[in-house]
Amino acid sequence: MINDRIGCRSCNTFRVTDDEALSYQCSTCQGLLSPVLRGPQPLSQLINPSLGLPWRYPALLPLPGPEALVVPAVCPPTRRSALLETQLNVSEAWLIDCTKFGTGTFKDLEAAVVIAAAAAMSIPRISVHSTGNTALAYRHFALRAGIGCASYVPLQNAAKLGGITRSEGHPIYLVDAEYARVPSIARTEAAHAGWHHMAPIGWKLEGKAALAWWIAEVVPQATAIAQTVAGGYGALGYETGFRRMQMAASDPAGVLLSRRYLLFQPQDACTLTRAWARGAGRLDEDALNLPPHPYEPTLQSSNPVATLPRLRSLMPDGTQFTSVSRDTVEGARSWVDAVLADVGIELDFAREKSAYIELAGLREISLPRSEKLAIIVSGSPPFDGSTRDNATEILRA
């Protein structure tokens, strides 16, 4: 039972109600719940080497993975890049290849845990809205778990969906509206149709935390984690994961004890970067940068309204946000292609530019020679677009 595995650390509660488990929030203090840890133990005992992510770390997760979601076991290939180390003049640069997950992005980790939670709580139909990647990930795992899933994606991001086919009980709606309006339209339409919107912040962070545990396992010497972000849920999940593993391990060291984040955004959609620079701790929707024709459509997010306060609370000293211009990314494209090819990562620049943004951005900032980078590469593999139109319906606002 999920109820016996999670609790509220602040209230010292070790069993929660069904409603608390569903919201992943304590009804007493309103804080996020977390798995009940059984006491410090050697780091090696927190790892099940026979499993892939996120299920590789059972003692740190709020629930076990159902068989349908555990197999196949996938761990992201993690390779050191001499080309990057030379170009950036840093001690070490490791590329963590999340393109090998089922839908090609790190969003699979969140989706696997959220879908497992829905199955454990007997929720038969869920909904998700996103700019593309999260919707694809939720749909992928819902299909495997036998759970219905309605996905809502901005119409202007239709080309990002990739090679999907129609499946009964798993509709994809293309919402014909401005980016800022898509979340509210999706929630309203889903509620009318009887789909449960399964996306509390706590549950979203749980799967992403597994990537922090992977870094601690394979690159424990890392001093900085680099990634392109939209709403910042990834960084929040990683920091949640690092802190939890530090508490659970009797022998924490390296990245579990000290780290910072180097986070990048495209210049035309850099809400968090601007807020961070001016010291803001909160945002309202009027402050969101959501251009109608963005450089990278998958990085349009209204989530900073919810995430900025948590980022301010959790991010360690030395964390920085950097905006990267279109010209900088385009100018670095051939170099990034060479870096990715050197470690065997294949991405489609036209479908998603996240990896290009972060790698181009790393060339623009000052890094100490001693830096040891763990760079999270997430994106879209090449796709010919042949099946997309067969699986979507347009939802007019």
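Residues numbered from 1 in each chain as written. Predicted model: local features only at pLDDT ≥ 70, side-chain atom pairs only at ≥ 80, totals over all residues. Heavy atoms only, no water.

Considerations on the overall build of the protein chain
Turning to step 1, where the next piece is worked out: From N to C terminus, the protein chain includes 12 helices and 13 strands.
Turning to step 2, where the next piece is worked out: The C-alpha radius of gyration computed for the protein chain amounts to 20 Å, which stays within 12% of the reference 21 Å derived for 397 residues, consistent with globular compactness.
Turning to step 3, where the next piece is worked out: Reported as C-alpha extents along the three principal axes, the dimensions of the protein chain are approximately 55 × 50 × 40 Å.
Turning to step 4, where the next piece is worked out: Taking contacts inside the protein chain between residues at least 6 apart in sequence as the whole, the part at least 24 apart equals 72%.
Turning to step 5, where the next piece is worked out: About 15600 Å² of surface is accessible on the protein chain, with carbon and sulfur atoms providing 48% of the total.
Turning to step 6, where the next piece is worked out: Across the protein chain, the centroid of the 36 positively charged side chains sits 3 Å from that of the 37 negatively charged ones. (Helix = DSSP H or I, 4+ residues; strand = E, 2+ residues; numbered from the N terminus. Rg over C-alpha atoms; globule rule 2.2 N^0.38 Å. Contact = heavy atoms within 4.5 Å. Areas by Shrake-Rupley, 256 points an atom, 1.4 Å probe, with all protein chains shown as cover. Lys, Arg positive; Asp, Glu negative; His and termini not counted. Charge placed at Lys NZ, Arg CZ, Asp CG, Glu CD.)

Side note on the side chain of Q265
Turning to step 1, where the next piece is worked out: By secondary structure assignment, the location of Q265 is in strand 10 (residues 260-266).
Turning to step 2, where the next piece is worked out: Within the structure, the side chain of Q265 is placed 3.2 Å from the backbone nitrogen of L272, a separation counted as a polar contact.
Turning to step 3, where the next piece is worked out: Not counting residues within four places of it along the chain, the set of residues in contact with Q265 comprises V229, A230, C270, T271, L272, T273, T322, S323, V324 and I357. (Polar contact = N/O pair within 3.5 Å; in protein donor to acceptor, adjacent residues only side chain to side chain.)

So, the sheet that holds strand 7 (residues 172-176)
Turning to step 1, where the next piece is worked out: Pairing is parallel in the open sheet, where five strands are placed in the order 8-5-6-7-13. One side of each edge strand has no neighbouring strand; the edge strands of this open sheet are strand 8 (196-197) and strand 13 (392-396).
Turning to step 2, where the next piece is worked out: Bridge analysis of strand 6 (residues 148-154) against strand 7 gives four bridges, and the strand direction is parallel. Paired with V153 across the strands is L174, a residue of strand 7.
Turning to step 3, where the next piece is worked out: Sitting on the sheet, helix 6 (residues 182-193) is in contact with strand 5 (125-129), strand 6, strand 7, strand 8 and strand 13, with an inclination near 165° to strand 5. (Pairing = 2+ DSSP bridges. Axes fitted to C-alpha atoms, helices over the stretch in contact; angles between N-to-C directions.)

Structural notes on the packing of helix 11 (residues 326-342) against helix 12 (residues 354-364)
Each packed pair of helices is defined by two parameters, the angle between the axes and the distance between the axes.
Turning to step 1, where the next piece is worked out: The N-to-C vectors of helix 11 and helix 12 enclose an angle of 105°; their axes lie 9 Å apart at closest approach. Relative to helix 12, the element helix 11 lies roughly perpendicular. Counted together, T328, V329, G331, A332, R333, W335, V336, D337 and L340 of helix 11 and Y356, I357, L359, A360, R363 and E364 of helix 12 form the full contact between these two elements.
Turning to step 2, where the next piece is worked out: Taken together, the residues of the contact of helix 11 with helix 12 sort by class into nine nonpolar, two polar and four charged. (Parallel < 35°, antiparallel > 145°, perpendicular 65-115°, else oblique. Nonpolar A, V, L, I, M, F, W, Y, C, P; charged D, E, K, R; others polar.)

Some thoughts on helix 5 (residues 133-145)
Residues that lie three or four places apart on an α-helix share one face, since the helix turns once every 3.6 residues.
Turning to step 1, where the next piece is worked out: End to end, helix 5 covers 19 Å across 13 residues, agreeing with the expected 18 Å (1.5 Å per residue, within 8%).
Turning to step 2, where the next piece is worked out: Of the positions making up helix 5, those classed as buried are N133, T134, A135, L136, A137, Y138, R139, F141 and A142.
Turning to step 3, where the next piece is worked out: Close packing links the buried residues of helix 5 with helix 2 (67-70), helix 4 (107-120), strand 5, strand 6, strand 7 and helix 7 (201-218).
Turning to step 4, where the next piece is worked out: Directly after helix 5, the chain includes G146, whose backbone phi takes a positive value near 75°. (Expected span 1.5 Å × (residues − 1). Buried < 20%, exposed > 50% of the residue type's maximum accessible area, 1.4 Å probe, protein only.)

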